[in-house]
Amino acid sequence: MATITIDEKKFEVDPQLTVIQAAAQQGIEIPHFCYHPKLSVAGNCRMCLVEIEKMPKLAIACATQVADGMVVKTRSERVLKAQHAVMEFLLINHPLDCPICDEAGECKLQDYAYKYSIGASRFDEDKVHKPKRYPLGPNVILDVERCIMCSRCVRFADEIAHQPVLTFTQRGDHVVLTTFPETQFDSPYSMNVIELCPVGALTSTDFRFRARVWEMSSTESVCVGCARGCNINIWVRNNEILRLTPRQNEDVNSFWMCDEGRLGTFKFVNGPGRVSSPWIRKDDRKVTVGWDEAIAAAASGLKAFKKGEIAGLASAYATNEDNFAFLKFMRDVVGTKAIAFLEHTAGEDDDLLIRADKTPNAGGVRALGIGSNADSILRRINDGAIRALYALEDDIAANPDWKNALAKLEFLVVHSPVENATTELADVVLPASTYAEKHGTFVNFQKRVQRIRPAVATTEQDRALDGFAMSRWDKFASHNDRWGKGPRRDARPSWRIVQSLAGAMGTKWKFTTAENVFAELAENVPEFKGLRYLSIGTRGALLRTPQRVTEKA
Amino acid sequence: MSQNGKMIRKEDLSFWQRIYIPEILKGLRLTFMALFRRKITIQYPEKRFTPPDSFRGRPVLVEENGVERCVACGLCSRVCPALAIEVQANETALEKERYPEKFEINMVRCIFCGFCEEVCPEEAIIMSKEYELVFESQEEAVFGKDKLLVPIEKVRDRLEFLHKHR
Ligand code: SF4
Ligand code: SF4
Ligand code: SF4
Ligand code: SF4
Ligand code: FES
């Protein structure tokens, strides 16, 4: 341990740390652009200059290791002067783009201009002009004028994404960030540079100019793109998801997420393909009906079969709560043991985040004791032994074998957020809420239970009363404001639909929230013992292993 | 209430005020004198009022060379105390990079404060001299780009006024 003094306070710190790290641990902010905890130290922006006693010149805190007895000043007059100078220098050629810059509102340069600069420039020559729309790859567009040459993106491409295609060319104020000739930055992780960039130089092709950051609400959730379950924020305006961004969790995804997850997992929530209301099939036609009628149709349909003739397919896309309620229903109300779920894998695990398992919850379904061997159910449907099927949120018919089998069924009840090949074959379709519209938990491949929270309101939810994150627009919209009338879907979380169905078949359950369902789940399933929504929090919590040893990831 | 905010009670009145008639005559004298002053009443709607350049009528969007100046930054929308403005940006091939795909002002919400004009970095939204706003429904009061865009020639005096008083 080394004893150092920062701004006249003494601290005991690890001697391996740099000054900026030691200060951060003690809650002291040293401004920085190029330093990032997950990247190598470049030391090129000079924003982190501090005064260290017995050193003749100011030193950069990001590249200076602490030493016993070191005395550091982060707010002395010399330091302030240096910070003002660095800011003035960075702003010489920086365009006055804040009004049209997507970063505005979450920009380090903007914030530091308030905190660490005198706010005046002595430069009255013409600014250097550079390309404003240079695509680095399919998902990232560079505005060269806004770049402050911190090289974070270059180091990310080299060190984390392992696709070293970014570099600087030219010198002085003509420096330009670019890709090597005939290459493009199309790594599966390319979009992480957008948040990594301390300014608005790197923008998302998808989100570019769609909204100002202060217009959206952000909700802590989990990506459903694969079994990693990267922690994310869901950004919503007018009940529409506009972007997903990674949320730091060192145990799961650090600061990152993959482009596939970021772009591919939210459009269906907004999308036109949603099931707009419950419907049933009458004389080969889809008839839109109310919830009660649809539930009654499902109940009377299922009652027409013996319990041995009914099977259930749980879903690795649904939450633990949904699957638990489903399992309870199939076992206790229907009385069948033919329950399984389908796995969905594609490609291979890579060495950063992406997992071959493309579902967020396969670990949870297994922990509930549901197996993934659906083949016997498939065979018995084909044999005619199973005549009715109840399936949770999964497009089973996307698999041709299952498609053929489903066509042979006499009765098929499906929960689904979207119209798909499976709903095409169903007799009763019940619109299920998506992951962005409900509370619940998933279990990732590390056996970490993580919570999702509603960000998009359905018809029966109220943003204010149900504790949603609210943007300014949400708070003040009244009945006649078009910007408060974003489409809401008539969907319900699967556990509630299952509860209604159980009620219609004569078994009353008393769950009122997803948390109630989880509490009963945690009581009954040994791996979940002792877990509660509160203890899972925003970082997740590990399941107990069957040997009852708590492990650390 | 007196001017300094103190309550005037009956017992505070002077003798002459209490006998009432002299005060009435004072008032009538004022009315009589007004008969000989310059008339300021306008026979609206036969005659129309032309407001001075400082007047804050309904906000309009400035159109220059056939396109709106607005870059859809949303600052007016953010500053508007009445939440009257909704802007949806999109990308354009023009040099300004972004433009308002949708720009709506709810004239029922607008309180004609002129904050939007003050905050706009492009001088794209300004207060016009238009004060006649009549609607038959709430929906009609939401003005889109079709009603908001005004060619720059028609708003020159306001722009000049703004430049002079910056
Ligand atoms: S684009 Fe952004 S991250 Fe990359 S060097 Fe420029 S400022 Fe840094
Ligand atoms: S790695 Fe998986 S969980 Fe993470 S963002 Fe990508 S798809 Fe989502
Ligand atoms: S004048 Fe005031 S109230 Fe009206 S739109 Fe502009 S900022 Fe809003
Ligand atoms: S402040 Fe001006 S440029 Fe920005 S959105 Fe409003 S009118 Fe357009
Ligand atoms: S953060 Fe230290 S030089 Fe950039």
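Along each chain, residue indices are assigned from 1 in the same order as the chain's sequence is written. Chains carry letters and ligands carry numbers; both start at the beginning, A for chains and 1 for ligands, and go up in the order they are written. Two thresholds apply to this predicted model, a pLDDT of at least 70 for residue-level local features and 80 or more for giving and counting side-chain atom pairs, whereas whole-chain, interface and lining totals are computed over all residues. Side-chain measures here rest on the full set of heavy atoms in the structure, leaving out hydrogens and waters.

Trainee: How should I be thinking about the packing of aromatic side chains in this particular structure?
Mentor: Aromatic ring pairs are described here by two measures, namely the spacing of the ring centres and the angle between the planes. The criterion for an aromatic pair is that two Phe, Tyr or Trp rings (for Trp, the six-membered ring) have centres within 6.5 Å, with stacked assigned to planes under 30 degrees apart, edge-to-face to planes over 60 apart and tilted to the rest. This structure, assessed with the given rule, holds 18 aromatic pairs over all chains. Geometrically, the ring pair formed by Phe 55 of chain B and Tyr 131 of chain B is edge-to-face, given 6.1 Å between the ring centres and 80° between the ring planes. Here Phe 55 of chain B is found in the loop between helix H2 (21-34) and strand E1 (59-64), whereas its partner Tyr 131 of chain B is found in the loop between strand E5 (125-127) and strand E6 (142-143), with 76 residues between them in sequence. Only protein chains enter the accessibility calculation, which uses a 1.4 Å probe. A residue is then buried if its area is under 20% of the maximum for its type, exposed if over 50%, and partly exposed in between. Phe 55 of chain B gets classed as partly exposed once you look at its relative accessible area, which sits at 22%. Considering the side-chain rings of Phe 135 of chain B and Phe 143 of chain B, the 6.0 Å spacing of their centres and the 85° angle between planes classify their relative orientation as edge-to-face. Residue classification places Phe 143 of chain B among the buried residues on the basis of a relative accessible area of 7%. In textbook terms, an aromatic cluster arises when at least three aromatic residues are bridged by ring pairs, as seen for Phe 33, Tyr 112 and Tyr 116 of chain A. Here, a charge over a ring is recorded when the distance from Lys NZ or Arg CZ to the ring centre is within 6 Å and its angle to the ring normal is within 35 degrees. Arg 243 of chain A extends its terminal NZ or CZ atom over the ring of Trp 235 of chain A, reaching a point 4.3 Å from the ring centre. For Lys 328 of chain A, the ring lying beneath its charged end belongs to Trp 509 of chain A, and the centroid distance is 5.1 Å. Think of it this way: any DSSP run of H or I at least four residues long counts as a helix, any run of E at least two long counts as a strand, and we number them from the N terminus.

Trainee: Looking at this structure, how should I read the domain arrangement of chain A?
Mentor: Interfaces are often described in size by the accessible area the parts lose on coming together. All names here are of chain A. Where each domain starts and ends follows an automatic or database-derived domain assignment. Here chain A is described as being made up of domain 1 (2-75), domain 2 (126-264) and domain 3 (279-436 + 491-542). Spacing between the C-alpha centres of domain 1 and domain 2 amounts to 28 Å. When domain 1 packs against domain 2, close to 1000 Å² is buried across both sides, 58% of that on carbon and sulfur atoms. Salt bridges are defined by distance alone: a side-chain nitrogen of Lys or Arg within 4 Å of a carboxyl oxygen of Asp or Glu. The tally of links from domain 1 across to domain 2 stands at 1 salt bridge. With a closest N to O distance of 2.9 Å, Glu 250 and Lys 38 form a salt bridge. Under the rule applied, a polar contact is a pair of N or O atoms within 3.5 Å (in protein, one hydrogen donor and one hydrogen acceptor; residues adjacent in sequence only if both atoms are side-chain atoms). The interface formed by domain 1 and domain 2 includes 8 residue pairs in polar contact (both at pLDDT 80 or more). Summed over both partners, the accessible area lost on bringing two parts together, with a 1.4 Å probe, is the buried area.

Trainee: Mind showing me how you'd approach the packing of helix H2 (residues 77-91) of chain A against helix H3 (residues 108-115) of chain A here?
Mentor: Describing two packed helices takes the angle between their axes plus the distance from one axis to the other. Residues and elements named next belong to chain A. Lines are fitted to the C-alpha atoms to define the axes, a helix being fitted only along its stretch in contact, and any angle between axes, read from their N-to-C directions, falls within 0 to 180 degrees. For the pair H2 and H3, interaxial distance at closest approach is 10 Å and the crossing angle is 135°. When the axis of H2 is compared with that of H3, the two are oblique. In this structure, the crossing between H2 and H3 has a hand that is left-handed. Contacts between H2 and H3 involve Met 87, Leu 90 and Leu 91 from the former and Leu 109, Tyr 112 and Ala 113 from the latter. Residues are sorted three ways: Asp, Glu, Lys and Arg are charged, Ala, Val, Leu, Ile, Met, Phe, Trp, Tyr, Cys and Pro are nonpolar, and all the rest, Gly among them, are polar. The class makeup of the residues in the contact of H2 with H3 is 6 nonpolar, no polar and no charged. By the definition adopted for this analysis, an angle is roughly parallel if under 35 degrees, roughly antiparallel if over 145, roughly perpendicular if from 65 to 115, and oblique otherwise. Handedness of a crossing follows from how the near helix is turned relative to the far one, being left-handed for an anticlockwise turn of less than a right angle and right-handed for a clockwise one. For this analysis, residues touch if any pair of their heavy atoms sits within 4.5 Å.

Trainee: Before we go on, may I ask you to explain the interface of chain A and chain B in this structure?
Mentor: Facing the 21 residues of chain A at the interface are 28 residues of chain B. Approximately 2300 Å² of surface area, both sides summed, lies buried where chain A meets chain B, with 44% of it carried by carbon and sulfur atoms. When the buried surface of chain A facing chain B is broken down by residue, Phe 209, Arg 472 and Arg 482 of chain A rank first, second and third, together holding 28% of it. Summed over the shared surface of chain A and chain B, the result is 6 salt bridges. Arg 133 of chain A is the partner of Glu 91 of chain B in a salt bridge, and the nearest nitrogen-oxygen pair spans 3.1 Å. By residue number, the principal contributor to the side of chain A that touches chain B is helix H14 (residues 472-476) of chain A, which donates 3 residues. Among the residues making up the side of chain A that touches chain B, the classes are represented as 7 nonpolar, 2 polar and 12 charged.

Trainee: How should I be thinking about empty space enclosed by the protein in this particular structure?
Mentor: Once rolled over the atoms, a probe with the size of a water molecule shows which space is left empty. All names here are of chain B. Cavities and pockets were defined on a 1 Å grid built from protein atoms only: a cavity is a group of points that admits a 1.4 Å probe but offers it no way out, a pocket is an open group of points flanked by protein on both sides within 12 Å along at least five of seven lines, and a lining residue is one with an atom within 4 Å of any such point. Grid points are joined across faces, edges and corners, and a volume is the space filled by probe spheres set on the points. Counted by the stated rule, this structure contains 7 cavities of 30 Å³ or more. Of the pockets and cavities examined, the largest cavity occupies roughly 100 Å³. What lines the largest cavity is a set of 15 residues, and nearest its centre among them are Cys 80, Cys 110, Ile 111, Cys 113 and Cys 116. Of the residues assigned to the lining of the largest cavity, the class counts are 14 nonpolar, 1 polar and no charged.

Trainee: It is not clear to me how the pattern of salt bridges should be interpreted in this structure. Could you clarify?
Mentor: Two side chains with opposite charge may pair up if their charged atoms get near one another. Residue and element names in this part refer to chain A. Counting across every chain of the model gives 48 salt bridges over all chains. Salt-bridge contacts for Arg 492 lead to Glu 460; the nearest nitrogen and oxygen are separated by 3.5 Å. On the criterion of sequence distance, the pair formed by Arg 492 in the loop between H14 and helix H15 (494-504) and Glu 460 in the loop between strand E22 (448-452) and H14 is long-range, its members being 32 residues apart.

Trainee: What is the right way to look at the nonpolar core in this model?
Mentor: Residue and element names in this part refer to chain A. Buried Ala, Val, Leu, Ile, Met, Phe, Trp, Tyr and Cys residues form a nonpolar core when they are joined through side-chain atoms within 4.5 Å. Core analysis: the largest hydrophobic core is formed by 61 residues, its most contacted members being Phe 33, Phe 156, Leu 166, Ile 234, Ile 241 and Tyr 435. Mapped by element, the contributors of at least two residues to this core are H2, H3, strand E7 (140-142), helix H4 (152-160), strand E9 (176-179), helix H5 (192-196), strand E12 (231-237) and strand E13 (240-246). Element by element, the count of residues in this core is highest for H4, at 5 residues. With residues up to four places along the chain from it excluded, the contact list for Leu 166 reads Leu 136, Cys 153, Val 154, Ala 157, Leu 177, Thr 178, Thr 179, Phe 180 and Phe 185.

Trainee: Quick question: what am I supposed to make of the environment of Arg 453 of chain A here?
Mentor: All names here are of chain A. Mapping Arg 453 onto the fold places it in the loop between E22 and H14. Exposure remark for Arg 453: the relative accessible area of 15% places this residue in the buried category. On a C-alpha basis, the gap between Arg 453 and Pro 164 in space is 37 Å, while along the polypeptide they are 289 residues apart. Not counting residues up to four positions away in its chain, the partners in contact with Arg 453 are Thr 219, Glu 220, Ser 221, Tyr 435, Ala 436, Lys 438, His 439, Gly 537 and Thr 538.

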